[in-house]
Amino acid sequence: MSELTDAQGKVHQIELAIDFLESHRKLAEANRKLLDEHGVTMIDVMGSVGAGKTSVVEQLVRGLKEKYRIVVLNGDLVTTIDQDRILRHGVEAIQVNTGKECHLDAALVRTVLERLDLGNLDLVIVENVGNLICPADFPLGSHRRVVVTSVTEGPYVAVKHPHVFAEMDFVVINKIDLASVMEVDVSKLVGDLRSVNPRARVVQTSCKDGTGIPELITRLVEEPRRCTSSESLPA
Ligand code: MG
Ligand code: ZN
């Protein structure tokens, strides 16, 4: 809830933002329903610029493409660099350029879903725009919300960005091979994450040497679906 104080000192509650977010949440629920009707699982991968989102998505694609029919949606402001990286793995990838928008939203994802042959798909992996703040407020209708962070973001990432971490089903701590070089105490970082979000699954990975990737794949895709985040459909 936002407040606005006028020149006379009177405080006005601002409902508009909540209605706006609520309408996005409804669109997200409609997306989830559409996906469920076709038995398609969608994973939303968020995280800062440079955390390794594309690298994690590449590892997922590599590990899953023999077993599942996959399409990747690459959200980015203007380039197709990430899409090109995914296409090299022989998997369909769709670039979603947002121009100046710093996140994907459910309406934009809907227009993409409607162009896909959902009956011939198992998995939609969305790489959100690189941003550790607002994507958390814009659920897309995914079954799994994942944030990729990396030890190169320093030791305070969880305490400085509690909101995004609190919303996630999975937290990937990437570039774990660089932890000692970066002088990041990973157990302290995990403790911080746990205090912000005790139920998220935390997986430590290195896309460089493959550490943690099999665990991530098993937990993310092969465990039964959970809907524990705030994106869950109402009962
Ligand atoms: Mg990327
Ligand atoms: Zn944004």
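What counts and what doesn't
- Residues numbered from 1 in each chain as written.
- Chains lettered and ligands numbered in written order.
- Predicted model: local features only at pLDDT ≥ 70, side-chain atom pairs only at ≥ 80, totals over all residues.
- Heavy atoms only, no water.
- Axes fitted to C-alpha atoms, helices over the stretch in contact; angles between N-to-C directions.
- Helix = DSSP H or I, 4+ residues; strand = E, 2+ residues; numbered from the N terminus.
- Parallel < 35°, antiparallel > 145°, perpendicular 65-115°, else oblique.
- Contact = heavy atoms within 4.5 Å.
- Buried < 20%, exposed > 50% of the residue type's maximum accessible area, 1.4 Å probe, protein only.
- Arc of directions from axis to C-beta.
- Donors = N, O, S within 2.8 Å, 3.2 Å for Na, K, Ca; no water.
- Pairing = 2+ DSSP bridges.
- pLDDT = per-residue confidence, 0-100.

A. View of the packing of helix H2 (residues 53-64) against helix H9 (residues 213-222). Look at H2 against H9: their axes get within 10 Å of each other, and the N-to-C directions meet at 75 degrees. It follows from the interaxial angle that H2 and H9 lie roughly perpendicular. Contacts between H2 and H9 involve Val-56, Gln-59, Leu-60, Gly-63 and Leu-64 from the former and Ile-213, Leu-216, Ile-217, Leu-220, Val-221 and Glu-222 from the latter.

B. Fine view of H9. Among the residues of H9, Ile-213, Leu-216, Ile-217, Leu-220 and Val-221 are the ones counted as buried. Take H9 and look down its axis: the buried residues cluster within an arc of 95 degrees, on one side only. Against the buried residues of H9 lie strand S3 (41-47), H2, strand S7 (144-150), strand S8 (170-174) and strand S9 (201-204).

C. Spotlight on the coordination of the magnesium ion (ligand 1). Taken together, the protein donors to the magnesium ion (ligand 1) comprise Thr-54 (OG1), Asp-82 (OD) and Glu-127 (OE), at separations of 2.0 to 2.2 Å. The sequence pattern describing where the donors of the magnesium ion (ligand 1) fall on their chain is T-x27-D-x44-E. With a gap of 73 residues between them, Thr-54 in helix H2 and Glu-127 in strand S6 (residues 123-127) connect regions that are remote in the sequence. Neither Thr-54 nor Glu-127 differs from the other in exposure class; each is buried.

D. Main features of the sheet that holds strand S5 (residues 92-97). Here we have seven strands laid out as an open sheet, ordered S5-S4-S6-S3-S7-S8-S9, and parallel in their pairing. Only two strands of the sheet have a single partner each, and these edge strands are S5 and S9. When the angles between neighbouring strand axes are averaged without regard to direction, this sheet yields 20 degrees. Pairing geometry for S7 and S8, over five bridges, is parallel. Counted as the bridge partner of Val-146 is Phe-170 from S8. Lying over the sheet, helix H4 (residues 106-115) contacts S3, strand S4 (70-76) and S5, oriented at roughly 145 degrees with respect to S5. Along the sheet face, helix H8 (residues 186-196) touches S8 and S9 and points at about 160 degrees away from the line of S9.

E. Examining the coordination of the zinc ion (ligand 2) more closely. Coordination of the zinc ion (ligand 2) by the protein comes from Cys-102 (SG), His-103 (ND1) and Cys-134 (SG), over a distance range of 1.9 to 2.2 Å. Written as a sequence motif, the donor arrangement for the zinc ion (ligand 2) is C-H-x30-C. Of this pair, Cys-102 sits in the loop between S5 and H4 while Cys-134 sits in the loop between S6 and S7, placing them 32 residues apart in sequence. When its relative accessible area of 34% is taken as the criterion, Cys-102 is described as partly exposed. For Cys-134, a relative accessible area of 16% translates into the label buried.

F. Inspection of the pairing of S7 at higher detail. Extensive coverage of S7 is indicated by the burial of seven of its seven residues. Burial along S7 is two-sided: the face carrying Arg-144, Val-146, Val-148 and Ser-150 and the face carrying Arg-145, Val-147 and Thr-149 are both buried. In terms of strand pairing, S3 meets S7 through five bridges, oriented parallel. From the neighbouring strand, Asp-44 faces S7, where its bridge partner is Arg-145.

G. Fine view of the confidence of the model for the chain. Counting all residues, the mean pLDDT for the chain is 91, and 92% of those residues have values of 70 or more. Within the chain, no element has a lower average pLDDT than strand S1 (residues 2-5), which sits at 74, and none a higher one than S6, at 98. The model gives residues 227-235 a pLDDT under 50, and that stretch makes 23 contacts with residues more than four places away or in other chains.

H. Structural view of the pairing of S4. Of all seven residues making up S4, seven are buried, and the element is well covered by its neighbours. The alternating pattern of S4 places Ile-70, Val-72, Asn-74 and Asp-76 and Val-71, Leu-73 and Gly-75 on opposite faces, both of which are buried. Both S4 and S6 contribute to a ladder of five bridges, which runs parallel. Residue Ile-70 lies in a different strand from S6, and its bridge partner there is Leu-123. By the bridge criterion, six bridges tie S4 to S5 in an arrangement that is parallel. Within S5, the position partnered with Asp-76 by the bridge is Asn-97.

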